[in-house]
Amino acid sequence: MTDVLARPRPEPTVLQALRSPRLLTREVLAGLVVAIALIPEAIAFSIIAGVDPRLGLFSSFVMAVAIAFLGGRPAMISAATGAIALVIAPVAREHGVDYLLATVILGGILQVALGLLGVAKLMRYIPRSVMVGFVNALAILIFTAQVPQLIGVPWAVYPIAAAGLLIMYLLPRLTRVVPAPLVAIVLLTGAVVVFGISVPTVGDQGALPESLPNLLIPNVPFTLDTLGIIFPFAVAMAIVGLLESLMTAALVDDITDTPSSKTRESLGQGAANVLSGLFGGMGGCAMIGQTMINVKASGARTRISTFLAGVFLLVLVLAFGDVVAVIPMAVLVAVMIVVSVATFDWHSIRPSTLRRMPLSETVVMVLTVAVTVWTHNLAIGVGVGVIAAAVLFARRVASLTSVTRSVEGDTARYVVEGELFFASSNDLTTKFAYHRDPARVVIDLSRSHVWDASTVAALDAVQTKYAHLGTAVELEGMNAAARRFHGRLTGGLGAGH
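What counts as what
- Residues numbered from 1 in each chain as written.
- Predicted model: local features only at pLDDT ≥ 70, side-chain atom pairs only at ≥ 80, totals over all residues.
- Heavy atoms only, no water.
- Helix = DSSP H or I, 4+ residues; strand = E, 2+ residues; numbered from the N terminus.
- Buried < 20%, exposed > 50% of the residue type's maximum accessible area, 1.4 Å probe, protein only.
- Contact = heavy atoms within 4.5 Å.
- Areas by Shrake-Rupley, 256 points an atom, 1.4 Å probe, with all protein chains shown as cover.
- Lys, Arg positive; Asp, Glu negative; His and termini not counted.
- Charge placed at Lys NZ, Arg CZ, Asp CG, Glu CD.
- Core = buried A, V, L, I, M, F, W, Y, C linked by side-chain atoms within 4.5 Å.
- Axes fitted to C-alpha atoms, helices over the stretch in contact; angles between N-to-C directions.
- Parallel < 35°, antiparallel > 145°, perpendicular 65-115°, else oblique.
- Left-handed = near helix turned anticlockwise from the far one by under 90°.
- Nonpolar A, V, L, I, M, F, W, Y, C, P; charged D, E, K, R; others polar.
- Patch = residues over 30% accessible without salt bridge, like charges linked within 9 Å, V, L, I, M, F, W, Y side chains within 5 Å.
- Salt bridge = Lys/Arg side-chain N within 4 Å of Asp/Glu carboxyl O.
- Pairing = 2+ DSSP bridges.
- Right-handed = clockwise from strand over helix to strand, strands pointing away.
- Phe/Tyr/Trp six-rings, centres within 6.5 Å; stacked < 30°, edge-to-face > 60°.
- Lys NZ or Arg CZ within 6 Å of the ring centre and 35° of its normal.

1. So, the overall build of the protein chain
Now for step 1: A count of helices and strands for the protein chain gives 22 helices and six strands.
Now for step 2: Its C-alpha atoms put the protein chain at 100 × 60 × 50 Å along the principal axes.
Now for step 3: Taken across its 497 residues, the protein chain has 50% of its residues classed as buried.
Now for step 4: Contacts spanning at least 24 positions in sequence make up 83% of the contacts within the protein chain whose residues lie at least 6 apart.
Now for step 5: As displayed, the protein chain has an accessible area near 23,300 Å², and 66% of this comes from carbon and sulfur atoms.
Now for step 6: Within the protein chain, one finds 33 positive and 29 negative side-chain charges whose respective centroids are separated by 7 Å.

Shown next, in the form of structure tokens:
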């Protein structure tokens, strides 16, 4: 009975949805809503990356359609994202669009390689404090990327941006039927056109697509110099993309109470990015916000909604490209500010949370944010955060190790408690009273565990010191695994020499 209750509930398959008018209608409407909400964000992320809107829109189309077939998490939305835009922006700015496309393709290939190596399983080693820092840093970088759009612009930009923020704050309190960003864009674009207000528009940023994306090969020299330019950014893109995608997949698993293949998702993300680069897109990864619209708000559960989100996106852009071109940049700035505010984990900085949270957890979160914002590289920030978390965890565990001495007749007994590994065992040799102990010493390890070679070397050193004094040492209480590990290494690590 317990096994039946614990089994995840089945989700509808694509065939079941196609055969059910109710399920199919739900999937189609969910895809349409996501596509409408994707347009302004895809354009805005293109601006962050320093490329014209076509690259963001093509990327969102290709990513959504490809991941619908290749991804491991049904109903999850992948498209152009702020995280990827921030990572690859320097390539476009310093070397041009062709180098950016080459970076995206190489990043996708690296993601496939990481997927084949089983990197998805490493997600379990990323602490929550690092994940929170990652999300908060992403929010800060998205916000700061809007600042240039608010400097040295006509005064009308400021009331338009303020009106957009107001609409997106108030409308969800009244209704959630239509995405608030879409309403803000429609109303404020209409106002700009009707009243002839002169402000920077999407059309000023570059031409919108008028046809389907074409297959192309980036016009870059295939040399080691080129690889040296794009490889660091491709590695960062691959890691950041997989990190955000696997985090989003885990979130959807929890919401839908259904499992997903993280390895397949890693491979699918890589393949989708390769296709995105080959069709002139800026790459991307899973989108937390759009996925929540699809899964939580619209109730989608199959790959149909993801596929249709990409198709509807392209249809809307091609059919209404002239309308998209007159959207004022100010309202897109407002959209991205709202996205950044919604992305930030405000609970993590509440005084009540900080009081309850261990200091080491807060330090890791703040360090992750600081390094990411300073370097503008999410991969570096997460890497530093993971290393800091590991060091602080080892320090905390090491502090829980103790050695207690007692003397009974001609025997000194030492009881070792706690986990023995490099951080706790390196000073193990200082815990013994070598010259004051009687002729026989017993070291009781029944309340500890030997984890690594450092501990074996430390125990060998202790025995060697006692041997020089003519004292017999007996190790007792090791569990079977620790005894086998110790027996394999003891005497062969050079301790005491």
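2. Structural notes on the nonpolar core
Now for step 1: Ranked by internal contacts, the top residues of the largest apolar core, which has 94 residues, are Ile88, Leu100, Met282, Leu313, Leu332, Met336 and Leu378.
Now for step 2: For this core, the element with the highest residue contribution is helix H3 (residues 21-49), accounting for 11 residues.
Now for step 3: Once residues lying within four places of it in the same chain are set aside, the contact partners of Ile88 are Leu100, Thr103, Val104, Met237 and Met282.
Now for step 4: Core analysis: the next-biggest nonpolar cluster, separate from the first, contains 20 residues, Ala433, Ile443, Leu459 and Ala482 among them.

3. Some words on the packing of helix H8 (residues 157-174) against helix H16 (residues 329-343)
Now for step 1: In the contact formed by H8 and H16, the axes pass within 8 Å of each other and the chain directions differ by 45°. Judged on the interaxial angle alone, H16 and H8 are oblique. The interaxial crossing formed by H8 with H16 has right-handed handedness. The residues of H16 that touch H8, namely those facing Val157, Ile160, Ala161, Gly164, Leu165 and Met168, are Ala330, Val331, Ala334, Val335, Ile337 and Val338.
Now for step 2: Considered class by class, the residues forming the contact of H8 with H16 number 11 nonpolar, one polar and no charged.

4. Looking at a nonpolar patch on the surface
Now for step 1: A contiguous nonpolar surface patch, about 340 Å² in accessible area, is contributed by Phe69, Leu70, Leu275 and Phe307.
Now for step 2: Along the chain, the position of Leu275 falls in helix H12 (residues 262-278).
Now for step 3: Relative accessible area serves as the criterion here: at 32%, Leu275 is assigned to the partly exposed category.

5. Focus: the pairing of strand E5 (residues 440-450)
Now for step 1: Most of E5 sits inside the fold, with eight of its 11 residues counted as buried.
Now for step 2: Relative to E5, strand E4 (residues 411-420) runs parallel, the two sharing nine bridges. Its bridge partner lying in E5, Ala412 is registered against Val441.
Now for step 3: Each parallel crossover has a hand, and for E5 linked through helix H21 (residues 453-468) to strand E6 (residues 472-476) it is right-handed.

6. A look at the pattern of salt bridges
Now for step 1: Inspection of the entire model under this criterion finds nine salt bridges.
Now for step 2: One salt bridge connects Arg26 with Glu27, and the closest N-O pair in it is separated by 4.0 Å.
Now for step 3: For Arg413, the salt bridge identified is with Asp444, shortest N-O distance 4.0 Å. Remark: Asp444 occurs in strand E5 and Arg413 occurs in strand E4; sequence separation between them is 31 residues.
Now for step 4: Relative accessible area serves as the criterion here: at 26%, Arg413 is assigned to the partly exposed category.
Now for step 5: A cluster of three or more residues bridged by salt bridges with shared partners is formed by Arg73, Asp253 and Lys262.

7. Considering the environment of Ile47
Now for step 1: Positionally, Ile47 belongs in helix H3.
Now for step 2: Residues in contact with Ile47, not counting those within four places in the same chain, are Gln149, Gln205 and Met329.

8. Description of the sheet that holds E6
Now for step 1: Read across the sheet, four strands follow the order E3-E4-E5-E6 without closing on themselves; strand pairing throughout is mixed. Two strands close off the open sheet at either side, each with one partner strand: strand E3 (402-408) and E6. Mean inter-strand twist for the sheet, computed between neighbouring axes without regard to direction, equals 20°.

9. Side note on the environment of Glu41
Now for step 1: Structurally, Glu41 can be placed in helix H3.
Now for step 2: Between the C-alpha atom of Glu41 and that of Val369, which follows or precedes it by 328 residues, the distance is 23 Å.
Now for step 3: Aside from chain neighbours lying at most four places away, what touches Glu41 is Met287, Gln290, Val335 and Val339.

10. Here we look at unusual backbone geometry
Now for step 1: The phi dihedral of Ala75 is positive, around 75°, even though this residue is not glycine.
Now for step 2: Looking at where Ala75 falls in the secondary structure, it is placed in the loop between helix H4 (53-70) and strand E1 (78-79).
Now for step 3: Assessed through its relative accessible area of 2%, Ala75 is described here as buried.
Now for step 4: One non-glycine residue, Asp257, lies in the positive phi region at around 55°.
Now for step 5: Residue placement: Asp257 occurs in the loop between helix H11 (224-256) and H12.

11. Some thoughts on the packing of H3 against helix H5 (residues 82-95)
Now for step 1: H5 packs onto H3 with a crossing angle of 35° between their chain directions and a minimal axis gap of 7 Å. From H3, Phe45, Ile48 and Ala49 reach across to H5, where they touch Gly82, Ala85, Leu86, Ala89 and Ala92.
Now for step 2: Among the residues making up the contact of H3 with H5, the classes are represented as seven nonpolar, one polar and no charged.

12. Section: the packing of aromatic side chains
Now for step 1: This structure, assessed with the given rule, holds seven aromatic pairs.
Now for step 2: Taking the centre distance of 6.2 Å and the plane angle of 40° together, the rings of Phe432 and Tyr434 count as tilted. You'll find Phe432 and Tyr434 in the same group, each marked buried.
Now for step 3: Between Tyr434 and Tyr466, the ring centres sit 4.8 Å apart and the planes meet at 55°, which makes this aromatic pair tilted. Pair noted here: Tyr434 is in the loop between helix H20 (422-425) and E5 and Tyr466 is in helix H21, with a separation of 32 residues, a long-range link. Like Tyr434, the residue Tyr466 is buried in the burial classification.
Now for step 4: A network of ring pairs unites the aromatic residues Tyr414, Phe432, Tyr434 and Tyr466 as a single cluster.
Now for step 5: Sitting over the ring of Tyr434, Lys465 keeps its end group 5.8 Å from the ring centre.

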